[in-house]
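# An overview of the molecular structure
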Amino acid sequence: MGILSLLAASAVAYAGGGYWDYRKVCEYETITVNDPVTHCSYSGSIYADDPSIGRPMYVTSTKKLDNHVSCPAEVTVSRVRKVEVDDGRWEFVRFTGEISLTDESHSYDSHEETQVIEGSCRMVKVWVPCDTHRGCQGEP
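Residues numbered from 1 in each chain as written. Predicted model: local features only at pLDDT ≥ 70, side-chain atom pairs only at ≥ 80, totals over all residues. Heavy atoms only, no water.

## A few points about the overall build of the protein
Check the secondary structure of the protein and you find one helix and six strands. Listing every helix and strand of the protein by position from the N terminus yields α-β-β-β-β-β-β. Considering the protein as a whole, with its 140 residues, one finds that 20% of them fall into the buried category. In the protein, the proportion of contacts linking residues at least 24 apart, taken out of those at least 6 apart, comes to 73%. (Helix = DSSP H or I, 4+ residues; strand = E, 2+ residues; numbered from the N terminus. Buried < 20%, exposed > 50% of the residue type's maximum accessible area, 1.4 Å probe, protein only. Contact = heavy atoms within 4.5 Å.)

Encoded structure:
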């Protein structure tokens with residue numbers, strides 16, 4: 001009876017437009033990954049590239065570095081600001097300079113990843129239907 005059932009199933013399977021094949025099937029899980037980062041905050045005064053502009057500009061800046069590393073003690077920054085250079089005459093002036101580290105903190109950037117559960121993969125017999133426009137690619 002078992003052999004007859006198998007032959008009948010194969011005949012029906014082929015007539016139905018498909019074939020049996022073995023495929024690798026795995027189970028997956030979603031995990032949270034925490035990547036270490038360092039946050040650096042800086043502030044200070046920078047000065048105009050034009051020496052006739054005597055007033056400095058106070059600026060702040062932040063940086064995010066990968067991993068838990070130390071922040072540089074200073075960073076060079078540059079900004080452009082519209083400044084009145086003469087009575088009623090305005091120009092865009094570049095200010096440049098180094099500003100000092102004011103705060104350093106460590107945290108994590110979290111994101112989710114999907115990965116195969118180790119040891120979960122197995123070969124499974126599956127029915128593969130044929131594409132009616134291209135025919136069967138597998139064995140009938």
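## Remarks on the side chain of S43
Among the structural elements, S43 can be located in strand β2 (residues 28-48). Within the local environment of S43, its side chain forms a polar contact with the side chain of Y58, the two groups lying 3.2 Å apart. In contact with S43, other than residues within four places in its own chain, are Y58, V59, T60, I99, S100 and T102. (Polar contact = N/O pair within 3.5 Å; in protein donor to acceptor, adjacent residues only side chain to side chain.)

## Comments concerning the pairing of strand β4 (residues 74-86)
The sheet contact formed by β4 and strand β5 (residues 89-116) spans twelve bridges and is antiparallel. By the bridge assignment for β5, D86 is matched with R89. Connecting β4 to the next strand, β5, in antiparallel fashion are two residues, including G88 with a positive phi near 85 degrees. (Pairing = 2+ DSSP bridges.)

## Section: the environment of H68
Along the polypeptide, H68 turns up in the loop between β3 (57-66) and β4. Classification of H68 by relative accessible area gives partly exposed; the value is 37%. For the pair H68 and D35, spaced 33 residues apart in the sequence, the C-alpha separation amounts to 9.3 Å. Beyond its immediate chain neighbours, meaning those up to four positions away, H68 contacts P36, V37, T38, H106, S107 and Y108. At 3.1 Å, the side chain of H68 forms a polar contact with the backbone oxygen of S107.

## Observations concerning the sheet that holds β4
Spatial strand order, β3-β2-β5-β4: four strands in an open sheet with antiparallel pairing. Pairing within the sheet leaves two strands with one partner each, and these edge strands are β3 and β4. Taking each pair of neighbouring strands and ignoring which way they run, the sheet shows an average axis angle of 25 degrees. (Axes fitted to C-alpha atoms, helices over the stretch in contact; angles between N-to-C directions.)

## A closer look at the state of the cysteines
According to the stated counting rule, one finds two disulfides in the structure shown. A sulfur-sulfur separation of 1.9 Å characterises the disulfide bridge that pairs C26 with C121. Between C26 and C121 the disulfide shows an S-S torsion of about 110 degrees. By sign, it is right-handed. Here C26, found in the loop between β1 (18-25) and β2, pairs with C121, found in the loop between β5 and β6 (122-129); they are 95 residues apart in sequence, far enough to count as distant. Put simply, C40 and C71 are joined by a disulfide, and their sulfur atoms are 2.0 Å apart. Given an S-S torsion of about -85 degrees, the disulfide between C40 and C71 has left-handed geometry. (Disulfide = S-S within 2.5 Å.)

## Considering the nonpolar core
Counting 14 residues, the largest nonpolar core has I46, F95 and I99 as its most contacted members. Looking at this core, the elements that each hand over two or more residues are β2, β3, β4 and β5. Sorting elements by how many residues they give to this core places β2 first, with four residues. (Core = buried A, V, L, I, M, F, W, Y, C linked by side-chain atoms within 4.5 Å.)

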